[in-house]
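Residue-level structure breakdown
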Amino acid sequence: MKFKLLFCLAIAAFVSYSSYAQENGMAAKIDRHAYDPSTLLWYNSHDNNWNNALPIGNGRLGGMVFGGTSVERIQLNEDTYWTGGPYSSVVKGGYKYLPEVRGLVFKGQFKEAQALFGRKLMGYPIEQQKYQSLANLMLFFKNPDKVTNYKRWLDLETGITGVGFTTNGVTYNREVFASAPDNVIVVRLTADRPGSISFTASLRGVRNQDHSNYGTDYFKMNAMGGNQLVLTGKSADYLGVAGKLRYEARIKAVPEGGVMRTDGADLIIENADAVTLYFVAATNFINYKDVSADEHQRINNYLNVIQNKSYDDIRADHIADHKKLFARVSLNLPETENAWLPTDQRKANNLTKPDPQLAALAYQFGRYVLIASSRPGAQPANLQGIWNNDMNPAWDAKYTTNINTQMNYWPVESANLAECAEPFIHLVKDVTDQGALVAKENYNCRGWVLHQNTDLWRVAAPMDGPTWGTFTTAGAWMCDELWDHYQYTGDKKYLEDIYPVIKGSVGFFMDFLVPDLQNKWLVTNPSSSPENFTGNQGNGPYFDETTGSMLPGTTICAGSSIDMEILTNLFNNYIQAASILGKDTGYARRVLLAKNRLRPPLVGKKGALQEWTEDWDQLEKQHRHASPLYGLYPGNVFSIKNTPALVDPIKTLLIQRGDNTSMGWSKVWKVALWARLRDGNRAYGILASYLKEAWPQFFAKGGATIMQVDATLGTTAAISEMLVQSNNGVIDLLPALPGEWARGEFKGVCTTGAFELDMKWDKGKVTAVKILSKQGQLCHVSMGTAVNVMQNGKRISVKELEDGSIQFSTVKGDIYMVTTFEKTR
């Protein structure tokens, strides 16, 4: 009798909890519009296309959650699982042929120069290693009858994705998240009727089916101890590089009620009330030179940490950790009825039905992706972030450094996620190792150099072919982002740490630059404007022996515009860093002299900023790269205020490239460029087109079937540029505000000078700004109207400049309230 009473009480408690969960769960909140449309993605159907799945990640582990009803698939990644092992692509002695290459370029014999570069200065192997898919967790349920009330969602505020639906009178819910504190991916299955959860789980490895006849990426699937599944394997040999990585992945199941057993490599659970699955994974990777770790011990350590933690505790710790980063920034734009529709419908309607909050959602999704794919101690976000379904991913899902890797980190500082820059900073430091060897062997130069790609193993030599390999300023570009981190944080200890990296890049170019024959300007030679084929007379199709393919023409040149602009930034940044730290005064003066001799910006016969030293057209009518506009964005060479004579040539070139002639990262770059030109409506038009084009969860399309994260993250940066700019040392508010964003609020955005802002505006004008000074630096703000500034409740004096901007001194840690008012005549 006593047992029966306890059983009834337990059932009553379960039903009470289930009713509460149904009323307060995300599916119910969606129905009641009790959520923030700027931080929730949701859909009323599931999709078997990997590109449409919802991402989770903790910086090291990534998952794509499909949200199926009869079969759930969670595709899984571990950020150090790549092909190959430690290797070098440095080829000795290339510098012996450099004078001949340069001479051919200066004589205009470009095919001969490019062919010689391909033979003598390419790295070997010519290609690099590939990021890999680790596993798939498959959950097989009994085929449900008619499914109703289906919803799947991704809550950016909590970092939790879920699915809910009703079938056979039972409402099922699943939650999935990737915990950074506990190094685990968690899957939680619940139902509103006891004993309703039954499924078979399989943890499946992945092999390269295209290379299966000679591939070596073998794996084994086993059960362990009645409650676990184990997957073990190794990385594939590739390009003659032995696969040295070993991995282990494991699922541990914790059912509540019901029966659990294993059958071969399957784990079977029947009639449970709820089930929690814990996924852990590790490789033997320590760093790009060392793969001596014990992956099995790492797995045991991860499981030991959570051994005595409840699901509720792990979930709470995850949410707290995620919010510590995500909750720093909010963006609210005008809300319309369209904002409450499923996200895919919002995207489809965006060009015809106003939905400003969709841009806010895309902004926050970019922040979410950076948090999920770039945490301290992990690898930096690659072409696909941390998510990859393919053993032969597009462009190997590695680090493409002629725009894509850099774009991944464009928003990291302004979006108040400075910690997430750490993996990128470490990548740049790491690549100086082989970068120094390449500098010596390829070019007989000091310092270090990086070309257009690198991978997990931090190779630095020219790769893919001479068409792409002559881009020598990738590392210098990345140093600009290292400098940005200092500009936004004011951290002198950090500046001391990265100073040798920046100086090493400067040192390479101080040796590498040569005078052009006609004007004696200092130029890079060999050089290229990334992936763009020059329109010089006689350039045309030719067969490239290095790649074994027909190409439209050559790209090799001397002194491309992007090179000159990157080096202007690099030299300026170095000179400032040396001054701040009181280092190398004499050397900094020599760098200044060299900077002043760089080939200047040139305007061609058609009124456009030239892409090359010569006034050439391009073979491709509207090339996707906006390389010659690097100096406008993300660089700091051109601006409306400082280089007004170049504004029209810049616009002419940008118009020639077209607003919507390409997709993904190219389109988003143009949003940022038009924002720097203060044309908010044009920037917004391109942005709206991009948002419609992107995958349903705002991952970028790198092609009709290709997912990339560069434009996802670039979108966050571009939207920020439309609302706040600070690249010239002035905090410029609402510089490119489109008409549809006439009112709004932006809280937590960061600027150079180490300031954090909360800003409100209405009718297109700023009404109030709260400024937190993190380093006590001079604050220079442009608001376009008269202001009062209050510190600790007292009005302080400000200096008003001729252009209407103001300056005032700040104290580290203090908050300043800036309000606008109308001046009386």
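Please refer to the structure higher up on the page.
Heads up: these notes are all about the structure in this document.

1. Quick look at the overall build of the protein
Along its length, the protein carries 19 helices and 36 strands. Its C-alpha atoms give the protein a radius of gyration of 28 Å, near enough to 28 Å, the size a compact globule of 825 residues would have. Principal-axis analysis of the C-alpha atoms gives the protein an extent of 100 × 80 × 50 Å. Partitioning the contacts of the protein with sequence separation of at least 6, the portion at a separation of at least 24 is 69%.

2. Observations concerning the state of the cysteines
Simply put, disulfide is the name for a covalent bond between the sulfur atoms of two cysteines. Tallying each qualifying case throughout the model produces zero disulfides. Between Cys 479, a free cysteine, and Cys 445, which holds the nearest cysteine sulfur, the sulfur-to-sulfur gap is 15 Å. Not part of a disulfide, Cys 750 finds its nearest cysteine sulfur in Cys 420, a span of 12 Å. By relative accessible area, Cys 750 is classed as buried at 7%.

3. Thoughts on unusual backbone geometry
Each neighbour pair has its own omega, and for Tyr 124 with Pro 125 the value is 0°, a cis peptide bond. Structurally, the position occupied by Pro 125 is in the loop between helix H4 (110–120) and strand S5 (135–140). The residue after Tyr 633, namely Pro 634, is reached through a cis peptide bond having omega 10°. One can find Pro 634 in the loop between helix H15 (585–596) and helix H16 (647–657). The phi torsion at Asn 444 lies on the positive side, around 55°, for a residue other than glycine. Secondary-structure assignment places Asn 444 in the loop between helix H10 (422–443) and strand S19 (453–454).

4. Regarding the sheet that holds S5
Reading across from one edge, S2-S3-S4-S5-S10-S15-S14 is the order of the seven strands in this open sheet, with antiparallel pairing throughout. At either end of the open sheet lies a strand with only one pairing partner, and these are strand S2 (54–57) and strand S14 (259–263). Taking each pair of neighbouring strands and ignoring which way they run, the sheet shows an average axis angle of 20°. Pairing between strand S3 (residues 61–65) and strand S4 (residues 71–78): five bridges, direction antiparallel. Directly across from Gly 63, in S4, lies its bridge partner Leu 76.

5. Quick word on the side chain of Asp 355
Looking at where Asp 355 falls in the secondary structure, it is placed in the loop between helix H7 (343–349) and helix H8 (356–373). In this view, Asp 355 contacts Thr 336, Asn 338, Ala 339, Arg 346 and Asn 350; residues no more than four positions away in its chain are not counted.

6. Examining the packing of aromatic side chains
Evaluation of the coordinates by the stated rule reveals 30 aromatic pairs. Ring geometry for Tyr 574 and Tyr 587: centres 5.9 Å apart, planes at 75°, overall edge-to-face. With Tyr 574 in helix H14 (residues 561–581) and Tyr 587 in helix H15, this pair connects stretches of sequence that are 13 residues apart. On the accessibility criterion, Tyr 574 (0% relative accessible area) is buried. On the basis of relative accessibility, which here comes to 17%, the residue Tyr 587 falls in the buried class. It is Arg 188 that lies over the ring of Tyr 311; its NZ or CZ is 4.8 Å from the centre. Directly above the ring of Trp 695 sits Lys 701, whose terminal nitrogen or CZ lies 4.5 Å from the centroid.

7. Some remarks on helix H17 (residues 665–676)
For H17, spanning 12 residues, the distance from its first C-alpha to its last is 17 Å, which sits close to the expected 16 Å at 1.5 Å a residue. The buried fraction of H17 is high, at 12 of 12 residues. All of the buried residues in H17 are Trp 665, Ser 666, Lys 667, Val 668, Trp 669, Lys 670, Val 671, Ala 672, Leu 673, Trp 674, Ala 675 and Arg 676. Check the buried side of H17 and you find it contacts helix H9 (404–408), H16, helix H18 (680–693), strand S25 (706–708), helix H19 (710–723) and strand S26 (724–725).

8. Section: empty space enclosed by the protein
All told, the structure shown has four cavities of 30 Å³ or more when counted by the stated rule. Taken as a whole, the largest cavity encloses approximately 70 Å³ of empty space. Lining the largest cavity are 13 residues; nearest its centre among them are Gly 57, Ala 178, His 318, His 322 and Arg 375. When residues of the lining of the largest cavity are traced back to their parent elements, those giving at least two are S2, helix H6 (311–326) and H8. Split into classes, the residues belonging to the lining of the largest cavity amount to six nonpolar, five polar and two charged. For the lining of the second largest cavity, the element with the most residues is strand S7 (residues 160–167), which contributes three residues. For the lining of the second largest cavity, a count of residues per class yields five nonpolar, three polar and three charged.

9. Quick look at the sheet that holds strand S29 (residues 755–762)
Taken in spatial order, the seven strands of this open sheet run S17-S28-S29-S30-S36-S32-S33, and their pairing is antiparallel. Since the sheet does not close on itself, it has two edges, and those belong to strand S17 (330–332) and strand S33 (794–795), each with one partner. Note: strand S28 (residues 744–751) against S29, seven bridges, orientation antiparallel. Paired with Phe 746 across the two strands is Met 759, which belongs to S29. Most of the contacts of H8 go to S17, to which it runs at about 165°, and overall it touches S17 and S28.

Definitions and limits used
- Residues numbered from 1 in each chain as written.
- Predicted model: local features only at pLDDT ≥ 70, side-chain atom pairs only at ≥ 80, totals over all residues.
- Heavy atoms only, no water.
- Helix = DSSP H or I, 4+ residues; strand = E, 2+ residues; numbered from the N terminus.
- Rg over C-alpha atoms; globule rule 2.2 N^0.38 Å.
- Contact = heavy atoms within 4.5 Å.
- Disulfide = S-S within 2.5 Å.
- Buried < 20%, exposed > 50% of the residue type's maximum accessible area, 1.4 Å probe, protein only.
- Pairing = 2+ DSSP bridges.
- Axes fitted to C-alpha atoms, helices over the stretch in contact; angles between N-to-C directions.
- Phe/Tyr/Trp six-rings, centres within 6.5 Å; stacked < 30°, edge-to-face > 60°.
- Lys NZ or Arg CZ within 6 Å of the ring centre and 35° of its normal.
- Expected span 1.5 Å × (residues − 1).
- 1 Å grid on protein atoms, 1.4 Å probe; cavity = no way out; pocket = protein on both sides within 12 Å on 5 of 7 lines; lining within 4 Å.
- Points joined across faces, edges and corners; volume = space filled by probe spheres on them.
- Nonpolar A, V, L, I, M, F, W, Y, C, P; charged D, E, K, R; others polar.

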